[in-house]
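# Summary of structural features
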Amino acid sequence: MQPLLSFTYIMKHFTVLLLLLLSAYSANAQFGENHAIYASSGLHAGNYFGLNSNIDYVYKEKYSFRIGYSIYIREPDSKPDDFSLGLFDALSLFNHFDQLETYQIMVGRVYKFNKRGTIRLNLSIGLGLTNSREPENWQRTNSFLFSRNYNWDYNEFQNISFIINPKIEFPLTRYAGLAISPIFQINKDRTYFGIGLESMLGLLRKRNKL
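Just so we're clear, the structure is a prediction, and the values are computed from it rather than from any experiment. (Residues numbered from 1 in each chain as written. Predicted model: local features only at pLDDT ≥ 70, side-chain atom pairs only at ≥ 80, totals over all residues. Heavy atoms only, no water.)

Counting secondary structure elements, the protein chain contains two helices and eight strands. Out of the 210 residues belonging to the protein chain, those deemed buried represent 42%. Residue pairs in contact within the protein chain that sit at least 24 positions apart in sequence constitute 64% of those at least 6 positions apart. Accessible surface for the protein chain amounts to roughly 11500 Å². Of this, 64% is attributable to carbon and sulfur atoms. (Helix = DSSP H or I, 4+ residues; strand = E, 2+ residues; numbered from the N terminus. Buried < 20%, exposed > 50% of the residue type's maximum accessible area, 1.4 Å probe, protein only. Contact = heavy atoms within 4.5 Å. Areas by Shrake-Rupley, 256 points an atom, 1.4 Å probe, with all protein chains shown as cover.)

Structural data, given as structure tokens:
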């Protein structure tokens with residue numbers, strides 16, 4: 001697996017999709033009355049730490065659909081106490097971490113907390129395909145100043161995860177906002193739980209009437 005490459009690939013195609021959908025909105029002024037489409041992304045922290053990035057669709061301010069990607073890392077329990085990175089290994093800083101990479105599809109229900117729709121709960125559940133990658137079989141090396149003092153092998157496995165993600169969203173304007181995003185990701189081998197702060201950009205809600 002190449003998480004950083006995957007993240008770049010996903011974000012590139014998310015951006016293209018968002019631009020196409022917003023172009024469709026521009027061509028039809030009625031689109032924004034019943035539909036919202038936006039990108040959301042941010043940092044998450046819990047028993048792992050990482051990034052979450054999504055494309056969200058909301059219909060009639062009630063029903064939501066999301067496709068997303070996340071990459072989380074943590075210090076491996078198996079790492080030797082005297083492990084150290086050399087100067088040349090700083091560019092591959094995260095290679096020795098446990099990694100969870102998930103592609104997800106979510107559906108949900110939206111509840112507005114005020115008439116303007118500037119505070120709302122987007123309660124979503126769904127499934128994800130999770131790729132796990134964990135270092136093991138650490139082997140000490142005859143290192144010097146510029147190289148790490150251990151090599152390792154990777155244990156890689158794949159699971160279907162059940163995901164619960166109740167976001168509290170703040171569409172501060174029609175096109176930009178923030179979200180507080182607790183998330184629980186559960187499969188038979190690993191569980192992630194944490195909370196994140198995300199930005200939202202796109203068509204978030206319908207225009208407020210004067």
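This brings us to unusual backbone geometry. A positive phi angle, close to 55 degrees, is found at E61, a residue other than glycine. Position of E61 relative to the elements: it lies in the loop between β2 (49–59) and β3 (63–74). Residue E61 is classed as buried on the basis of its relative accessible area, which comes to 18%.

Considering every residue of the protein chain, the mean pLDDT works out to 84; 77% of them sit at 70 or more. Scored below 50 in pLDDT, residues 1–5 makes nine contacts in the model with residues more than four places away or belonging to other chains. (pLDDT = per-residue confidence, 0-100.)

Scanning the entire structure with this criterion turns up 10 salt bridges. Of the charged contacts in the structure, one is a salt bridge between R66 and D56, with a shortest N-O distance of 2.6 Å. Residue R66 is located in strand β3, and its partner D56 is located in strand β2; the two are separated by 10 residues in the primary sequence. Of the residues examined, R66 reaches a relative accessible area of 1% and is grouped as buried. The partner of K188 in a salt bridge is D189, and the shortest N-O contact between them spans 3.3 Å. (Salt bridge = Lys/Arg side-chain N within 4 Å of Asp/Glu carboxyl O.)

Below, the discussion takes up the sheet that holds β3. The eight strands lie next to each other as β1-β2-β3-β4-β5-β6-β7-β8, forming a closed barrel whose pairing is antiparallel. Between one strand axis and the next, the sheet turns by 25 degrees as a mean value, whatever way the strands run. Summarising the sheet, β3 and strand β4 (residues 98–112) pair through 12 bridges and their orientation is antiparallel. Counted as the bridge partner of S70 is T102 from β4. (Pairing = 2+ DSSP bridges. Axes fitted to C-alpha atoms, helices over the stretch in contact; angles between N-to-C directions.)

Among the secondary structure elements, F184 is positioned in strand β7 (residues 176–186). The contacts of F184, once residues within four sequence positions are left out, are F162, I163, I164, Y192 and F193.

Okay, the environment of I186 next. Along the chain, I186 turns up in strand β7. Judged by relative accessible area, I186 falls into the partly exposed class, the value being 38%. For the pair formed by I186 and I164, sequence separation is 22 residues and the distance between their alpha carbons is 8.7 Å. For I186, the residues in contact, after removing those within four places along its chain, are I160, S161, F162 and T191.

Attention now moves to the environment of D189. Following the sequence through the fold, D189 ends up in the loop between β7 and β8 (191–203). Taking the C-alpha atoms as reference points, D189 and S161, 28 residues apart in sequence, are found 9.5 Å from one another. A polar contact of 3.0 Å, which involves the side chain of D189, links it to the side chain of N159. (Polar contact = N/O pair within 3.5 Å; in protein donor to acceptor, adjacent residues only side chain to side chain.)

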